[in-house]
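# Descriptive structure summary
Letter by letter, the chains look like this.
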Amino acid sequence: MTPYERVYTAIELGYADFTPVVPQITYATCILVGREFEQSGGNPKDLAVSLIGGWKKVGYDGIYSGWEASFNLLAEAMGCKLTKGNDGLPQVNTHPVETEEDISRLILPNPWQDGRLPFHLEVTKLIKDYVKDEVPVFSYVPGPFTLAGLLRGSEKFLLDILRKPQFVKKLIDVATEASVAFALAKIKSGADIIVVADPTASSSIISPEMFKSFSLPAIKKVFKSVVEAGAVPSLHICGNTEPILELMVESGAKILEIDHLVDLRIAKEKVGSRVCLQGNIDPSLELLMGSPKEVYSSALQCIEMAGKQGGFILSSGCEVPLNTPWENLVAMVEASRNYPLRRLESCVRRDC
Amino acid sequence: MLEEIAKAVVNLEEEKVIALINTAISKGLSPRDIIKFALTSGIKELGEMYSQGVVFIPHLILGGEILQRSLAILEPLMTDKEKKYAYSGKVAIGTVAGDLHDLGKNLVVTMLKSAGFEVIDLGRDVSTEQFLKIVKEEKPQLLCLSALMTTTMVRQREVIKALEKEGLRSCVKVLVGGAPVSRDWARKIGADGYGEDAFVAVTLAEKLIAPSPC
């Protein structure tokens, strides 16, 4: 069975030979293949070598084609300025939207031409050409709500929700168009699974009512286009999402990436019969700082909680940090591969 | 009167708060009392409502805006001595290196100010060296480290290690917070406290504050 079949069986809520393992790892792969982070990322081939190399070394079941956050890339193409943080990754630092006129002045980027979008489409294509249909290619696009927040500046944007809701909706509409165009270009470049990342829509930040009226309608639009283009829609929202799990399913997502702050057992209970869950080993405390043994036992626990009957992809609870030891990622794969036998063993003692 | 102001703060009635403050001043109420008994208690109640999941970050930001506007009216009416007297401690705060998010940090700053702390806001993307420098030079009693990404929270550990190495660890209490941060994480990296949200952070700050031994 190929990793592709393994993942697609899980998406259809089934269980193939093993629980698929797909950690959310992008730029941290450079360390896995023995490259310095500072010297990585110069050209598309360089990124593809790390992203493919990480998969080859660890043997997980899917590849994320990404490097820095997708919402930063799209925000940059729409007029935000990025600054390199002290850790070397660029982040949004200026916000072009102050007034209603600024919204109508926003230029919808052409993903094949503008900013660094073509660069990243090329990375997706290089990976797809390499793995073909053996391994599914995951790729992020921004949640329109989060992108709109970057265009406006998140603090002002969140205030606008209370003070100027119509202004916010207008801005989200433009962001939605941009996200759709980026998603379609990524699918054309070879992405199998489009992951909408909408961290600002987390229940750690906005209320479920706000999620329902501002973020959700936009995600639905993106997913509609994603499905029409033949790709699988997946939804990533960081932080606490327990209050909005049902609404997240309503978006049309076939996969929900569950943060480590959410109790996987509760998520499985609430929505696990309707959507494939992906998660949720603590990225810092366990993957970065824990031992392979600790990761292995957490991974088994995750599978036990959400993957017994399938419909589950074992993953990190958010993005894998730089310098994560590769042995810890291997421990995730081992847990998945050993699980069926372990389960059988436990059935020797008691009937099940 | 003070209760009425506090209630308007909780209800986020911006213009009403400002109007009531102006009335209170004209009636001769002291700015200190207005800050302490009306604004602070209103903001605190909002914070509690956030912890209970009744209000969310946009509401807290609006509460912060109302507070800033109110302080802009009240502070010029206070003498330097009054201000000094009002301070309950000195706090340095910043978002760690590589992290340009400052939403959570800004909320904590607002809450700390409303609780009467003198706050040195270092901003975002603050390097470990900058944190060390401020501890040496300004001698805050409390250092708050915010991280909003799983990829940057490791810097909190780095700052604590650097403080230890420089022999400064006992000079300052360290509080960590941010969306991906957990109590376990705080314990593992040797922080003195974990602020689950902005409100908890301030309650903790009040508890932890003590004269710096350095």
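Residues numbered from 1 in each chain as written. Chains lettered and ligands numbered in written order. Predicted model: local features only at pLDDT ≥ 70, side-chain atom pairs only at ≥ 80, totals over all residues. Heavy atoms only, no water.

## Some thoughts on the overall build of chain A
In terms of helices and strands, chain A carries 15 helices and nine strands. Since a compact globule built from 352 residues should have a radius of gyration of about 20 Å, the 20 Å found for chain A is in line with a globular shape. Dimensions along the principal axes, computed over C-alpha positions, put chain A at roughly 70 × 45 × 35 Å. Burial statistics for chain A: of 352 residues in total, 60% are counted as buried. (Helix = DSSP H or I, 4+ residues; strand = E, 2+ residues; numbered from the N terminus. Rg over C-alpha atoms; globule rule 2.2 N^0.38 Å. Buried < 20%, exposed > 50% of the residue type's maximum accessible area, 1.4 Å probe, protein only.)

## Structural notes on the pairing of strand β4 (residues 137–142) of chain A
Residue and element names in this part refer to chain A. Summarising burial for β4: six of the six residues are buried, a large majority. Every second residue of β4 is oriented toward a common face, with Val137, Ser139 and Val141 on one face and Phe138, Tyr140 and Pro142 on the other, all of them buried. In terms of strand pairing, strand β1 (residues 63–64) meets β4 through two bridges, oriented parallel. Within the sheet, the bridge partner assigned to Ile63 lies in β4 and is Val137. Across five bridges, the pairing between β4 and strand β5 (residues 193–197) is parallel. Each bridged residue has a counterpart across the sheet, and for Phe138 the counterpart in β5 is Ile193. (Pairing = 2+ DSSP bridges.)

## Quick notes on unusual backbone geometry
Looking along the chain, the bond that leaves Gly279 of chain A and enters Asn280 of chain A is cis, with omega of -25°. Its identity as a non-glycine residue notwithstanding, Leu12 of chain B has a phi of 60°, on the positive side. Among the structural elements, Leu12 of chain B can be located in the loop between α1 (2–10) and α2 (14–26). A positive phi angle, near 45°, is found at Lys139 of chain B, a position not held by glycine.

## A few points about the interface of chain A and chain B
Interfaces are often described in size by the accessible area the parts lose on coming together. Between chain A and chain B, the residue contacts involve 32 residues of the former and 37 residues of the latter. On the surface where chain A and chain B come into contact, there are two salt bridges. In this structure, Arg163 of chain A engages Glu14 of chain B in a salt bridge whose closest nitrogen and oxygen atoms are separated by 2.7 Å. Taken together, the connections running from chain A to chain B amount to five residue pairs in polar contact (both at pLDDT 80 or more). Counting residues per element, the ones that place at least two in the side of chain A that touches chain B are β2 (82–84), β3 (90–92), α8 (154–163), α10 (208–228) and α13 (283–288) of chain A. At five residues, α8 of chain A tops the list of elements feeding residues into the side of chain A that touches chain B. A per-class count over the side of chain A that touches chain B returns 17 nonpolar, ten polar and five charged. (Contact = heavy atoms within 4.5 Å. Salt bridge = Lys/Arg side-chain N within 4 Å of Asp/Glu carboxyl O. Polar contact = N/O pair within 3.5 Å; in protein donor to acceptor, adjacent residues only side chain to side chain. Nonpolar A, V, L, I, M, F, W, Y, C, P; charged D, E, K, R; others polar.)

## With respect to the sheet that holds strand β5 (residues 193–195) of chain B
Residues and elements named next belong to chain B. Pairing is parallel across the open sheet formed by five strands, whose spatial order is β2-β1-β3-β4-β5. With partners counted over all chains shown, the strands left at the sheet margins are β2 (118–121) and β5, one partner each. Sheet twist, expressed as the mean angle between neighbouring strand axes with direction ignored, is 25°. Relative to β5, strand β4 (residues 173–177) is paired through three bridges, and the arrangement is parallel. (Axes fitted to C-alpha atoms, helices over the stretch in contact; angles between N-to-C directions.)

## As for the packing of helix α4 (residues 57–74) of chain B against helix α6 (residues 103–114) of chain B
Angle between the axes and distance between the axes: these two values describe a pair of packed helices. Residues and elements named next belong to chain B. At a minimum axis separation of 10 Å, α4 and α6 run at an interaxial angle of 45°. Taken together, α4 and α6 sit at an angle that is classed as oblique. α6 is crossed by α4, and the crossing has left-handed handedness. Where α4 abuts α6, its residues Ile57, Leu60, Ile61, Gly64, Leu67 and Gln68 lie against Leu103, Leu107, Thr110 and Ser114. Its residues placed into classes, the contact of α4 with α6 shows six nonpolar, four polar and no charged. (Parallel < 35°, antiparallel > 145°, perpendicular 65-115°, else oblique. Left-handed = near helix turned anticlockwise from the far one by under 90°.)

## Here's the deal with helix α4 (residues 70–77) of chain A
Residues and elements named next belong to chain A. Where burial is concerned, most of α4 is hidden: seven out of the eight residues are buried. Residues Ser70, Phe71, Asn72, Leu73, Leu74, Ala75 and Ala77 constitute the buried set of α4. The first or second residue beyond α4 is Gly79, which carries a positive phi of 115°.

## Examining the sheet that holds β1 of chain A
Residues and elements named next belong to chain A. Read across the open sheet, the seven strands follow the order β1-β4-β5-β6-β7-β8-β9; overall the sheet is parallel. Every other strand in the sheet has two partners, leaving β1 and β9 (312–316) as the edge strands with one partner each. The strands touched by helix α14 (residues 292–307) within the sheet are β8 (276–281) and β9, with β9 carrying the most contacts at an inclination of about 150°.

## Focus on the confidence of the model for chain B
All names here are of chain B. Averaged over every residue, the pLDDT of chain B is 88; residues scoring 70 or more account for 97%. Here helix α5 (residues 80–86) is the element of chain B with the lowest mean pLDDT, 65, and α2 is the one with the highest, 95. ipTM for the predicted complex: 0.88, alongside a pTM of 0.88. (pLDDT = per-residue confidence, 0-100.)

## A closer look at the pattern of salt bridges
Across all of its chains, the model carries 32 salt bridges over all chains by this definition. The salt bridge partner of Lys254 of chain A is Glu12 of chain A, with a shortest N-O separation of 3.8 Å. Of this pair, Lys254 of chain A sits in the loop between α11 (245–250) and β7 (255–257) while Glu12 of chain A sits in the loop between α1 (3–11) and α2 (29–32), and the two are 242 residues apart along the sequence. The class for Lys254 of chain A is partly exposed, based on a relative accessible area of 34%. Residue Glu12 of chain A is classed as exposed on the basis of its relative accessible area of 56%. For Arg69 of chain B, the salt bridge goes to Glu15 of chain B, with nearest N and O atoms at 3.2 Å. Here Arg69 of chain B is found in helix α4, whereas its partner Glu15 of chain B is found in helix α2, with 54 residues between them in sequence. Residue classification places Arg69 of chain B among the partly exposed residues on the basis of a relative accessible area of 33%.

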